[in-house]
Amino acid sequence: MADVLLTHSYHLYYDRKQVRKMQPYPPLGTLYAAALLRHKGFSVALFDSMLDDPAEGFPKALREHRAKIVVIYEDNFNFLSKMCLSRMREVAFEMIDAAHMAGATVVVHGSDSSDHCAEYLARGADYVLVGEAEWTLLEVVESLARGLKRDLASIPGVVCSQNGDARVVRSSRRPLMRDLDQLPFPARDLVDMDLYRQAWREAHDFFSLNLVSSRGCPYRCNWCAKPIYGDSFHARNPEAVAEEMRRLRGIFGADHLWFADDLFGINNRWVQHFADHVRRRNAAIPFKVQARADLMRKEETVAALARSGCAEVWMGVESGSQKVLDAMDKGIRIEQVLRARQNLKQHGVRACFFLQFGYPGETWSDIQKTIHLVRETRPDDIGVSVSYPLPGTRFYQRVREELGAKSNWVDSDDLAMMFKGAYTSEFYRALRDALHAEVESWSAHDEWRFSLRDRSTPAVRLGANQVAELWNSVEQLEPACRNSDATLLPVLACSALGCD
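A brief look at the structure comes next. If you're wondering where the values come from, they're calculated on a predicted model, not measured in any experiment.

1. Looking at the packing of helix α11 (residues 268-280) against helix α12 (residues 299-307)
Item 1. Two elements in contact, α11 and α12, have axes whose closest approach is 9 Å; the angle formed by their N-to-C orientations is 25 degrees. The angle between the axes of α11 and α12 places the two elements in the roughly parallel class. The element α11 and its partner α12 pack so that their crossing is left-handed. When α11 is examined against α12, the residues Asn268, Val271, Gln272, Ala275, Asp276 and Arg279 are found in contact with a partner set consisting of Glu300, Thr301, Ala304, Leu305 and Arg307.

This is the structure:
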């Protein structure tokens with residue numbers, strides 16, 4: 001019998017795109033919470049829904065562990081959790097029902113529950129934790145498990161309804177941790193690592209694990225949701241990060257690492273110290289990170305990253321149109337993208353672009369500028385999405401009146417326009433397919449050991465004629481899929497009218 005049963009609601013096999021990619025990572029945020037609870041003396045069990053079917057596995061875990069406290073603690077370092085997919089919400093609601101039937105008190109935490117506290121409470125959650133929640137969860141569990149007569153609504157970071165009243169009660173917000181190293185390393189021993197290792201090796205012939213060196217992002221792109229950390233940024237001690245790298249390779253046999261930070265490399269001095277500690281511990285292992293183009297323009301930063309094992313950097317390039325970047329409050333210049341690409345290539349680090357189409361005011365001319373940027377810089381890989389309004393963002397506030405009954409994607413392959421974009425979803429999906437096919441046609445994935453192409457099936461690389469056919473389809477759809485009443489943000493509406 002465990003004091004606490006922790007779980008999360010993301011199941012890989014409910015997400016068609018992620019099944020094709022087959023890149024499962026343990027729920028890092030959930031494991032941090034478990035580690036702290038265990039460090040403070042509580043017995044903790046985990047039901048990991050990533051690879052185990054929650055419909056069957058979760059009720060079994062409830063019976064096996066008989067925990068009186070069930071915590072649905074989402075992995076806030078997983079971008080799929082941040083997307084607030086509707087299928088994940090359905091799973092979370094089903095877990096709440098099952099936990100209550102088992103007689104447990106239910107605590108939930110995550111981006112979606114933070115944005116929709118009332119809905120989760122109405123469904124049966126007893127407490128919703130908001131903000132950075134490890135210490136909030138500890139206080140809640142201490143009160144519940146040890147019978148402390150404390151009003152849980154007085155604990156910072158707790159949202160609940162009291163005495164059967166539908167009225168939502170919110171406590172004060174908990175200050176964010178400045179010293180992230182007060183948390184123990186994630187409780188990875190709770191995970192069936194063999195399942196992850198088998199999935200990775202069968203699909204890619206190597207094993208990758210995840211970790212983080214920081215929390216938050218201080219930049220303010222107006223479409224980016226930050227329900228947990230806001231605009232804050234706090235980094236771990238670089239020595240501790242290097243030590244964790246060494247352990248992931250030595251204890252779990254990782255061949256590759258994924259730093260799940262929102263942004264890596266913000267502080268050049270931190271990166272230099274990190275590279276030094278990696279070298280001293282002989283902890284270098286190929287890894288990939290997310291960063292901004294303006295951070296990767298510094299040669300000394302990229303050189304230090306390469307020295308510590310960085311093999312791949314994914315940058316939020318978003319668009320090849322400066323007009324669109326400015327409308328997003330992205331804070332980067334096209335020339336910085338060019339410099340970052342050159343700098344990374346010079347140091348043997350793969351440069352990959354996240355691209356976003358469909359932002360209000362984007363025109364066919366802007367789209368062509370993005371295509372041109374990709375062709376000019378020839379990134380090693382790309383990820384393509386459309387602008388996706390999430391609660392709490394300025395972008396969401398501007399388009400919320402246009403959102404219909406469907407306000408979240410079902411899974412990460414949905415790519416549906418949720419507002420009146422310049423074009424229909426059909427056009428953007430065709431654009432995604434054509435751009436991906438072109439990049440893949442001239443990218444040497446097979447020459448790189450840590451390519452994330454699924455090696456369990458033969459590689460299908462389209463020829464020049466087939467790629468051209470996809471682009472012909474985009475050209476034909478462009479006039480047919482235009483929306484005559486597309487949304488324009490105020491600044492872009494003015495720009496479209498030619499005013500200053």
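There is more to say after this.
2. Brief notes about the pairing of strand β1 (residues 4-7)
Item 1. Of the two faces of β1, the one lined by Val4 and Leu6 and the one lined by Leu5 and Thr7 are each fully buried.
Item 2. Pairing between β1 and strand β3 (residues 69-73): four bridges, direction parallel. Paired with Thr7 across the bridge in β3 is Ile72.

3. A word on the nonpolar core
Item 1. The biggest cluster of nonpolar side chains holds 142 residues, and the ones touching the most others in it are Leu6, Leu137, Met245, Met296, Met315 and Phe427.
Item 2. Dropping the residues within four chain positions of it, Phe427 is found in contact with Trp364, Ile367, Val474, Leu477, Glu478 and Cys481.
Item 3. With 27 residues, the next largest nonpolar core counts Ile72, Val91, Cys117 and Val128 among its residues.

4. Notes on helix α15 (residues 364-377)
Item 1. The end-to-end C-alpha separation of α15 is 20 Å, in line with the 20 Å expected for 14 residues at 1.5 Å each.
Item 2. Considered for burial, the residues of α15 that qualify are Trp364, Asp366, Ile367, Thr370, Ile371, Leu373, Val374 and Thr377.
Item 3. Its buried side turned inward, α15 meets β13 (310-318), α13 (322-327), α14 (334-346), β14 (350-357), α17 (425-441) and α18 (464-480).
Item 4. The first or second residue beyond α15 is Arg378, which carries a positive phi of 45 degrees.

5. Examining the pattern of salt bridges
Item 1. Under the definition given, this model contains 32 salt bridges.
Item 2. A salt bridge links Glu142 to Arg146, with the nearest nitrogen and oxygen atoms 3.9 Å apart.
Item 3. A relative accessible area of 45% means that Arg146 is categorised as partly exposed.
Item 4. Three or more residues joined by partner-sharing salt bridges are found here, namely Glu239, Glu243, Arg246, Arg247 and Arg281.

6. Quick look at empty space enclosed by the protein
Left-over empty space is what a probe sized like a water molecule reveals as it rolls over the atoms.
Item 1. Overall, the coordinates contain three cavities of 30 Å³ or more when judged by the stated rule.
Item 2. Each pocket or cavity is described by its volume, and for the largest cavity that value is around 110 Å³.
Item 3. Lining the largest cavity are 16 residues, with Ser9, Glu74, Asp112, Ser113 and Tyr120 positioned closest to its centre.
Item 4. Of all elements in the fold, only α5 (86-101), β4 (105-109) and α6 (111-115) reach the threshold of two or more residues within the lining of the largest cavity.
Item 5. Of the residues in the lining of the largest cavity, the class split is seven nonpolar, six polar and three charged.

Reading guide: rules and limits
Residues numbered from 1 in each chain as written. Predicted model: local features only at pLDDT ≥ 70, side-chain atom pairs only at ≥ 80, totals over all residues. Heavy atoms only, no water. Axes fitted to C-alpha atoms, helices over the stretch in contact; angles between N-to-C directions. Helix = DSSP H or I, 4+ residues; strand = E, 2+ residues; numbered from the N terminus. Parallel < 35°, antiparallel > 145°, perpendicular 65-115°, else oblique. Left-handed = near helix turned anticlockwise from the far one by under 90°. Contact = heavy atoms within 4.5 Å. Buried < 20%, exposed > 50% of the residue type's maximum accessible area, 1.4 Å probe, protein only. Pairing = 2+ DSSP bridges. Core = buried A, V, L, I, M, F, W, Y, C linked by side-chain atoms within 4.5 Å. Expected span 1.5 Å × (residues − 1). Salt bridge = Lys/Arg side-chain N within 4 Å of Asp/Glu carboxyl O. 1 Å grid on protein atoms, 1.4 Å probe; cavity = no way out; pocket = protein on both sides within 12 Å on 5 of 7 lines; lining within 4 Å. Points joined across faces, edges and corners; volume = space filled by probe spheres on them. Nonpolar A, V, L, I, M, F, W, Y, C, P; charged D, E, K, R; others polar.

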